[in-house]
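Given next are the chains, with one letter for each unit.
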Amino acid sequence: MTEFIEQTLISPRYLAGSGDPAWVTVPLNRACGWSCGNDLLMPRVILTSPDWRAQLRLDPTPAPGEPWWSIRHTGHGQQRPWSIAFDAQTPVEIIAAVTDALTDPGAALGVPYDDLYTPLRTAGWHAPRHHDGFTSTEGMSSPDGLARVDRILDKDRTASWIVETSVHHLPPLWRAHLDGNTPTHLVSALFHALADTTPLMRSPERVPHQVTTHGTSSVRPVNAEDVALALEDRTIALAQRGAATVAQPGPPPPSVKAPRRVR
(Lines give C-alpha, C1' and ligand atoms only; values in the text may rest on other atoms or scores of the structure.)
Protein backbone atom coordinates (compact mmCIF):
# COMPACT_ATOMS: atom_id res chain seq x y z
CA MET A 1 0.00 0.00 0.00
CA THR A 2 1.36 3.40 -1.00
CA GLU A 3 2.02 5.73 1.90
CA PHE A 4 1.55 9.47 1.55
CA ILE A 5 2.90 12.30 3.70
CA GLU A 6 2.02 15.98 3.72
CA GLN A 7 4.46 18.39 2.12
CA THR A 8 4.22 22.14 1.57
CA LEU A 9 4.86 23.72 -1.83
CA ILE A 10 6.33 27.21 -1.43
CA SER A 11 6.46 30.05 -3.92
CA PRO A 12 8.44 32.16 -4.63
CA ARG A 13 11.29 29.75 -4.07
CA TYR A 14 13.66 32.32 -2.58
CA LEU A 15 11.37 32.47 0.50
CA ALA A 16 11.48 28.71 1.13
CA GLY A 17 14.26 28.71 3.73
CA SER A 18 17.42 26.65 3.80
CA GLY A 19 16.27 23.04 3.33
CA ASP A 20 18.50 20.00 3.78
CA PRO A 21 22.25 20.72 3.20
CA ALA A 22 22.67 17.13 1.99
CA TRP A 23 20.97 18.22 -1.24
CA VAL A 24 24.27 19.95 -2.05
CA THR A 25 26.92 17.98 -0.16
CA VAL A 26 25.92 14.37 -0.86
CA PRO A 27 25.94 14.60 -4.70
CA LEU A 28 29.25 16.48 -4.64
CA ASN A 29 30.78 13.65 -2.63
CA ARG A 30 29.11 10.59 -4.13
CA ALA A 31 28.47 11.62 -7.73
CA CYS A 32 31.19 14.19 -8.44
CA GLY A 33 34.09 12.74 -6.48
CA TRP A 34 34.63 15.63 -4.07
CA SER A 35 36.52 14.39 -1.03
CA CYS A 36 35.73 15.22 2.58
CA GLY A 37 37.83 15.32 5.71
CA ASN A 38 37.63 12.78 8.50
CA ASP A 39 37.12 15.11 11.46
CA LEU A 40 33.74 13.78 12.57
CA LEU A 41 33.81 15.86 15.77
CA MET A 42 33.40 19.11 13.86
CA PRO A 43 29.97 20.35 12.75
CA ARG A 44 31.40 21.85 9.57
CA VAL A 45 31.71 20.15 6.18
CA ILE A 46 34.68 20.69 3.86
CA LEU A 47 34.59 19.15 0.38
CA THR A 48 37.44 19.40 -2.12
CA SER A 49 37.18 18.83 -5.87
CA PRO A 50 39.16 15.98 -7.48
CA ASP A 51 41.60 18.47 -9.06
CA TRP A 52 42.08 20.24 -5.67
CA ARG A 53 41.26 23.61 -7.22
CA ALA A 54 37.80 24.08 -5.70
CA GLN A 55 36.56 23.76 -2.15
CA LEU A 56 33.12 23.99 -0.60
CA ARG A 57 32.78 24.81 3.09
CA LEU A 58 29.63 24.57 5.17
CA ASP A 59 30.10 26.01 8.64
CA PRO A 60 26.91 26.20 10.76
CA THR A 61 28.84 28.03 13.49
CA PRO A 62 30.67 30.76 11.56
CA ALA A 63 32.31 33.83 13.01
CA PRO A 64 30.01 36.88 13.22
CA GLY A 65 29.33 38.26 9.76
CA GLU A 66 30.70 35.18 8.00
CA PRO A 67 28.53 33.04 5.68
CA TRP A 68 27.46 29.47 6.30
CA TRP A 69 28.32 28.37 2.76
CA SER A 70 31.38 29.29 0.69
CA ILE A 71 32.86 28.04 -2.56
CA ARG A 72 36.41 28.98 -3.45
CA HIS A 73 38.45 28.22 -6.55
CA THR A 74 42.18 28.75 -7.02
CA GLY A 75 41.80 29.60 -10.69
CA HIS A 76 43.48 27.94 -13.65
CA GLY A 77 44.96 29.24 -16.88
CA GLN A 78 43.16 32.45 -17.84
CA GLN A 79 40.67 32.02 -14.99
CA ARG A 80 41.58 34.07 -11.91
CA PRO A 81 40.75 32.82 -8.38
CA TRP A 82 37.11 33.38 -7.40
CA SER A 83 34.72 32.82 -4.52
CA ILE A 84 30.98 32.63 -3.78
CA ALA A 85 29.30 32.89 -0.37
CA PHE A 86 25.75 32.11 0.75
CA ASP A 87 23.97 32.92 4.01
CA ALA A 88 22.34 30.23 6.15
CA GLN A 89 18.78 30.68 4.87
CA THR A 90 19.69 30.43 1.19
CA PRO A 91 17.56 27.59 -0.27
CA VAL A 92 19.80 24.62 -0.94
CA GLU A 93 18.21 24.20 -4.36
CA ILE A 94 19.62 27.59 -5.38
CA ILE A 95 23.08 26.68 -4.08
CA ALA A 96 22.83 23.31 -5.85
CA ALA A 97 22.18 25.07 -9.17
CA VAL A 98 25.63 26.64 -8.84
CA THR A 99 27.45 23.47 -7.72
CA ASP A 100 25.73 21.46 -10.44
CA ALA A 101 26.96 23.92 -13.07
CA LEU A 102 30.44 23.93 -11.52
CA THR A 103 30.73 20.14 -11.71
CA ASP A 104 29.04 19.68 -15.09
CA PRO A 105 31.71 18.45 -17.53
CA GLY A 106 29.47 19.45 -20.42
CA ALA A 107 28.65 22.97 -19.20
CA ALA A 108 28.76 25.78 -21.74
CA LEU A 109 31.43 28.09 -20.35
CA GLY A 110 31.70 31.82 -20.88
CA VAL A 111 28.05 32.89 -21.01
CA PRO A 112 27.98 36.37 -22.59
CA TYR A 113 27.41 39.13 -20.06
CA ASP A 114 24.45 40.49 -22.04
CA ASP A 115 22.69 37.13 -21.72
CA LEU A 116 22.97 36.79 -17.93
CA TYR A 117 19.78 38.71 -17.15
CA THR A 118 17.69 36.93 -19.79
CA PRO A 119 16.08 34.38 -17.43
CA LEU A 120 15.28 37.13 -14.92
CA ARG A 121 13.69 39.37 -17.52
CA THR A 122 11.69 36.44 -18.88
CA ALA A 123 10.36 35.82 -15.35
CA GLY A 124 9.23 39.45 -15.02
CA TRP A 125 12.16 40.88 -13.10
CA HIS A 126 12.83 44.57 -13.75
CA ALA A 127 15.28 47.35 -12.98
CA PRO A 128 14.95 48.52 -9.34
CA ARG A 129 13.25 51.85 -8.83
CA HIS A 130 15.71 53.03 -6.18
CA HIS A 131 19.49 52.86 -5.79
CA ASP A 132 21.55 53.40 -2.67
CA GLY A 133 24.60 54.95 -4.30
CA PHE A 134 26.64 51.75 -4.12
CA THR A 135 24.68 49.49 -6.45
CA SER A 136 24.79 49.57 -10.21
CA THR A 137 21.86 50.67 -12.35
CA GLU A 138 22.27 47.27 -13.98
CA GLY A 139 20.47 45.62 -11.03
CA MET A 140 17.26 43.62 -11.26
CA SER A 141 14.35 43.24 -8.84
CA SER A 142 11.80 40.43 -8.63
CA PRO A 143 8.16 41.21 -9.49
CA ASP A 144 7.19 41.10 -5.80
CA GLY A 145 10.12 43.32 -4.79
CA LEU A 146 11.42 40.74 -2.29
CA ALA A 147 14.53 39.59 -4.18
CA ARG A 148 17.17 41.66 -5.89
CA VAL A 149 20.35 41.24 -7.90
CA ASP A 150 22.96 44.00 -7.96
CA ARG A 151 26.45 44.73 -9.23
CA ILE A 152 28.69 46.29 -6.57
CA LEU A 153 31.91 48.14 -7.30
CA ASP A 154 34.58 46.99 -4.87
CA LYS A 155 37.46 49.12 -3.61
CA ASP A 156 39.72 47.76 -6.33
CA ARG A 157 37.10 48.77 -8.90
CA THR A 158 36.14 45.19 -9.71
CA ALA A 159 32.41 44.51 -9.83
CA SER A 160 30.94 41.71 -7.74
CA TRP A 161 27.41 40.32 -7.69
CA ILE A 162 25.09 40.61 -4.70
CA VAL A 163 21.83 38.66 -4.44
CA GLU A 164 19.52 39.54 -1.56
CA THR A 165 16.11 38.43 -0.38
CA SER A 166 14.47 40.71 2.16
CA VAL A 167 11.03 41.57 3.48
CA HIS A 168 10.38 45.30 3.61
CA HIS A 169 11.80 47.11 6.67
CA LEU A 170 13.32 43.89 8.07
CA PRO A 171 16.90 42.53 7.95
CA PRO A 172 17.71 40.44 4.85
CA LEU A 173 16.52 36.85 4.92
CA TRP A 174 19.64 35.77 3.04
CA ARG A 175 22.39 37.11 0.83
CA ALA A 176 24.75 35.65 -1.71
CA HIS A 177 27.99 37.26 -2.86
CA LEU A 178 29.78 36.31 -6.08
CA ASP A 179 33.08 38.05 -6.63
CA GLY A 180 33.89 39.67 -9.94
CA ASN A 181 35.97 36.74 -11.18
CA THR A 182 33.18 34.18 -10.82
CA PRO A 183 32.74 32.37 -14.16
CA THR A 184 29.69 33.69 -15.96
CA HIS A 185 28.15 30.24 -16.46
CA LEU A 186 27.90 29.96 -12.65
CA VAL A 187 26.32 33.41 -12.41
CA SER A 188 23.89 32.33 -15.12
CA ALA A 189 23.03 29.13 -13.23
CA LEU A 190 22.23 31.15 -10.11
CA PHE A 191 20.03 33.57 -12.04
CA HIS A 192 18.15 30.70 -13.70
CA ALA A 193 17.51 29.21 -10.25
CA LEU A 194 16.20 32.55 -8.96
CA ALA A 195 13.94 33.00 -11.97
CA ASP A 196 12.52 29.47 -11.81
CA THR A 197 8.87 29.66 -10.79
CA THR A 198 8.68 25.98 -9.76
CA PRO A 199 7.66 25.87 -6.07
CA LEU A 200 10.05 24.29 -3.59
CA MET A 201 8.89 21.53 -1.27
CA ARG A 202 9.39 21.64 2.49
CA SER A 203 8.03 19.71 5.46
CA PRO A 204 5.07 21.63 6.96
CA GLU A 205 6.91 22.15 10.23
CA ARG A 206 9.81 23.81 8.40
CA VAL A 207 7.88 26.49 6.50
CA PRO A 208 9.41 29.93 7.28
CA HIS A 209 7.15 32.57 8.79
CA GLN A 210 7.69 34.95 5.87
CA VAL A 211 5.96 32.50 3.54
CA THR A 212 2.63 33.02 5.33
CA THR A 213 2.94 36.81 5.12
CA HIS A 214 4.63 37.39 1.75
CA GLY A 215 4.55 34.17 -0.25
CA THR A 216 2.11 31.45 -1.21
CA SER A 217 1.99 27.87 0.00
CA SER A 218 -0.17 24.81 -0.39
CA VAL A 219 -0.11 21.50 1.44
CA ARG A 220 -0.56 18.33 -0.54
CA PRO A 221 -0.04 14.59 0.00
CA VAL A 222 3.12 13.23 -1.63
CA ASN A 223 4.29 9.67 -2.08
CA ALA A 224 6.52 9.04 0.96
CA GLU A 225 8.85 6.83 -1.07
CA ASP A 226 9.43 9.60 -3.63
CA VAL A 227 10.34 12.01 -0.84
CA ALA A 228 12.70 9.50 0.75
CA LEU A 229 14.44 8.69 -2.54
CA ALA A 230 14.60 12.22 -3.98
CA LEU A 231 18.20 12.81 -2.87
CA GLU A 232 19.35 9.40 -4.02
CA ASP A 233 17.69 9.88 -7.40
CA ARG A 234 19.36 13.28 -7.76
CA THR A 235 22.75 11.78 -6.90
CA ILE A 236 22.31 9.00 -9.46
CA ALA A 237 21.31 11.48 -12.16
CA LEU A 238 24.44 13.58 -11.56
CA ALA A 239 26.67 10.48 -11.57
CA GLN A 240 25.14 9.40 -14.88
CA ARG A 241 25.64 12.90 -16.27
CA GLY A 242 29.36 12.62 -15.62
CA ALA A 243 29.57 9.07 -16.96
CA ALA A 244 27.81 10.06 -20.19
CA THR A 245 30.32 12.81 -20.96
CA VAL A 246 33.49 11.93 -22.82
CA ALA A 247 36.07 12.74 -20.19
CA GLN A 248 39.77 13.40 -20.33
CA PRO A 249 41.97 10.47 -19.24
CA GLY A 250 41.75 10.05 -15.52
CA PRO A 251 39.96 8.07 -12.82
CA PRO A 252 36.43 6.92 -13.78
CA PRO A 253 33.43 8.58 -12.13
CA PRO A 254 32.25 6.93 -8.93
CA SER A 255 29.52 4.36 -9.37
CA VAL A 256 26.27 4.72 -7.50
CA LYS A 257 23.94 1.82 -6.91
CA ALA A 258 20.46 2.47 -8.27
CA PRO A 259 17.65 2.41 -5.72
CA ARG A 260 15.05 -0.31 -5.68
CA ARG A 261 11.51 0.93 -5.95
CA VAL A 262 8.83 -1.33 -4.58
CA ARG A 263 5.33 -0.52 -5.66
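Details of the structure are given in the entry above.
Small disclaimer: the values here were computed from a predicted structure and weren't measured.

Participant: Give a detailed account of the pattern of salt bridges, specifying residues and quantitative values.
Facilitator: One pass over the full model with this rule turns up 7 salt bridges. Put simply, Glu93 and Arg202 hold a salt bridge, and the shortest N to O gap is 2.8 Å. Pair noted here: Glu93 is in helix H2 (residues 92-103) and Arg202 is in strand S11 (residues 200-202), with a separation of 109 residues, a long-range link. On the basis of relative accessible area, Glu93 is assigned to the buried category, the value being 18%. Residue Asp100 is joined to Arg234 by a salt bridge in which the shortest nitrogen-to-oxygen separation is 2.9 Å. Of this pair, Asp100 sits in helix H2 while Arg234 sits in helix H6 (residues 224-244), and the two are 134 residues apart along the sequence. Under the relative-accessibility criterion, Arg234 is labelled buried at 12%.

Participant: Explain unusual backbone geometry to me, and be specific about the residues and the numbers.
Facilitator: The omega torsion across Ser11 and Pro12 is -5°, close enough to zero to call that bond cis. You can see Pro12 is positioned in the loop between strand S1 (4-11) and helix H1 (22-30). At Trp52, a position not held by glycine, the phi torsion is positive, near 65°. You can call Trp52 exposed: its relative accessible area is 66%. Even without glycine at this site, His169 takes up a positive phi of about 70°.

Participant: I'd love a proper account of the pairing of strand S10 (residues 172-178), names of residues and values included.
Facilitator: Sheet topology places strand S6 (residues 82-86) next to S10; 3 bridges connect them, and they run antiparallel. Counterpart to Phe86 in the pairing with S10 is Ala176. Taken together, the 6 bridges between strand S9 (residues 159-166) and S10 define a ladder with antiparallel strand orientation. Residue pairing across strands places Trp161 opposite Leu178, the latter belonging to S10. Hairpin connection from S9 to S10: 5 residues lie between these consecutive antiparallel strands, with His169 at a positive phi of about 70°.

Participant: Can you explain the sheet that holds S1? Please cite residues and give values.
Facilitator: On the basis of which strands lie adjacent, the open sheet formed by 3 strands has the order S11-S1-S12 and antiparallel pairing. Strands with a single pairing partner mark the edges of an open sheet, and in this sheet they are S11 and strand S12 (216-223). In this sheet, adjacent strand axes meet at a mean angle of 40° when their direction is disregarded. Pairing between S1 and S12: 8 bridges, direction antiparallel. Within S12, the position partnered with Gln7 by the bridge is Arg220.

Participant: Describe the packing of aromatic side chains, with residues and values.
Facilitator: Tallying each qualifying case throughout the model produces 5 aromatic pairs. On the numbers, 5.3 Å between centres and 85° between planes, the contact of Trp161 with Phe191 is edge-to-face. A residue pair is termed long-range when its members are at least 10 positions apart, and Trp161 in strand S9 and Phe191 in helix H4 (residues 184-195) qualify at 30 residues. Relative accessible area serves as the criterion here: at 4%, Trp161 is assigned to the buried category. Relative accessible area serves as the criterion here: at 0%, Phe191 is assigned to the buried category. Taken together through their ring pairs, the aromatic side chains of Tyr113, Tyr117, Trp161 and Phe191 make up a single cluster. Looking at Arg151, its charged tip hangs above the ring of Trp161, at a distance of 4.2 Å from the centre.

About the thresholds
Residues numbered from 1 in each chain as written. Predicted model: local features only at pLDDT ≥ 70, side-chain atom pairs only at ≥ 80, totals over all residues. Heavy atoms only, no water. Salt bridge = Lys/Arg side-chain N within 4 Å of Asp/Glu carboxyl O. Helix = DSSP H or I, 4+ residues; strand = E, 2+ residues; numbered from the N terminus. Buried < 20%, exposed > 50% of the residue type's maximum accessible area, 1.4 Å probe, protein only. Pairing = 2+ DSSP bridges. Axes fitted to C-alpha atoms, helices over the stretch in contact; angles between N-to-C directions. Phe/Tyr/Trp six-rings, centres within 6.5 Å; stacked < 30°, edge-to-face > 60°. Lys NZ or Arg CZ within 6 Å of the ring centre and 35° of its normal.

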